[in-house]
Amino acid sequence: LPNGVDRERFAPLDREAARRRLGERLGFPIPPGPLLLSVGHLVERKGHHILVEALARLEREHGVRATLLVVGAASEEGNYSGPIAAAAAALPRPGAVILAGEAPQAELHLFFNAADLTCLASSKEGRPNVLLESIACGTPVVATDAWGIPEVVSDSRVGLLAERTPHAFAATIAAALERRWDRAFIRDF
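Residues numbered from 1 in each chain as written. Predicted model: local features only at pLDDT ≥ 70, side-chain atom pairs only at ≥ 80, totals over all residues. Heavy atoms only, no water.

Notes on unusual backbone geometry
Then comes step 1: Phi is positive for Trp 147, which is not a glycine, with a value near 50°.
Then comes step 2: Of note, Trp 147 is situated in the loop between strand 5 (141-144) and helix 6 (149-152).
Then comes step 3: On the accessibility criterion, Trp 147 (62% relative accessible area) is exposed. (Helix = DSSP H or I, 4+ residues; strand = E, 2+ residues; numbered from the N terminus. Buried < 20%, exposed > 50% of the residue type's maximum accessible area, 1.4 Å probe, protein only.)

Structural notes on the packing of aromatic side chains
Then comes step 1: For the structure shown, the criterion picks out 2 aromatic pairs.
Then comes step 2: Ring centres 6.0 Å apart and planes at 65° place the aromatic pair Phe 10 and Phe 112 in the edge-to-face group. Linking Phe 10 in the segment before helix 1 (15-26) with Phe 112 in helix 4 (residues 108-114), this pair joins segments that are 102 residues apart in sequence.
Then comes step 3: On the numbers, 6.1 Å between centres and 45° between planes, the contact of Phe 185 with Phe 189 is tilted.
Then comes step 4: A relative accessible area of 25% means that Phe 185 is categorised as partly exposed.
Then comes step 5: A cation sits over an aromatic face here: Arg 179 above Trp 181, 4.2 Å from the ring centre. (Phe/Tyr/Trp six-rings, centres within 6.5 Å; stacked < 30°, edge-to-face > 60°. Lys NZ or Arg CZ within 6 Å of the ring centre and 35° of its normal.)

Quick word on the state of the cysteines
Then comes step 1: Applying the stated criterion across every chain yields a total of 0 disulfides.
Then comes step 2: With no disulfide of its own, Cys 119 lies 15 Å from the sulfur of Cys 137, the closest cysteine sulfur.
Then comes step 3: By relative accessible area, Cys 137 is classed as buried at 0%. (Disulfide = S-S within 2.5 Å.)

Looking at helix 1
Then comes step 1: Compared with the 16 Å implied by 1.5 Å per residue over 12 residues, the 16 Å span of helix 1 between its first and last C-alpha is a close match.
Then comes step 2: Three or more residues of helix 1 are buried, namely Arg 15, Ala 18, Arg 19, Leu 22, Gly 23 and Leu 26. Mapping the buried residues of helix 1 onto a view down its axis gives an arc of 135°, with all of them on the same face. Turned more than 90 degrees from where helix 1 packs its buried face, Arg 20 and Glu 24 sit exposed.
Then comes step 3: Taken together, the buried residues of helix 1 touch strand 1 (35-39), strand 2 (67-71), strand 3 (97-101), helix 4 and helix 8 (183-188).
Then comes step 4: Backbone nitrogen of Glu 16 and a side-chain oxygen of the N-cap are separated by 3.3 Å at the start of helix 1; the cap is Asp 14.
Then comes step 5: Of the residues flanking the end of helix 1, it is Gly 27, one or two places downstream, whose phi is positive at about 90°. (Expected span 1.5 Å × (residues − 1). Arc of directions from axis to C-beta. Contact = heavy atoms within 4.5 Å. Polar contact = N/O pair within 3.5 Å; in protein donor to acceptor, adjacent residues only side chain to side chain.)

Next up, the structure:
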């Protein structure tokens, strides 16, 4: 049986209102422009560092100035927060990556609704809840073509799949940001 998602909690909200509420929660306004979201434990397997590198390529190679919001904390699997923070600090644009720390499940819908895209660069996953919750909020996804992820992103009208490299993620995110997504279709998928 597939994982369940609380579709009353994870439902579409007005993006600008979600960004304002999220900014209040974080204590600073969400920067203008595309907002990419990555949710998961801060471990190598989740690929947050790949998305940080993709963010730099996205601006340099595609002319897209986006912000990456990373939500998560270390787990029993490990703590890769140091390399993630170091990769973020090495970017030429300060503040391009926001390391938000852990967020309660009850608040995650704000993050999904504030984002233009939810990105998942994992090396292995079953049927990731993060993608199911994003889709329930009507937010499209860009994720690795690995393990059970293609079962969730089985239609290009809900998201796009990428190889697990910064180059591939940058190109796929750029393509996804150019598309007009039907949030109602994504939600009902």
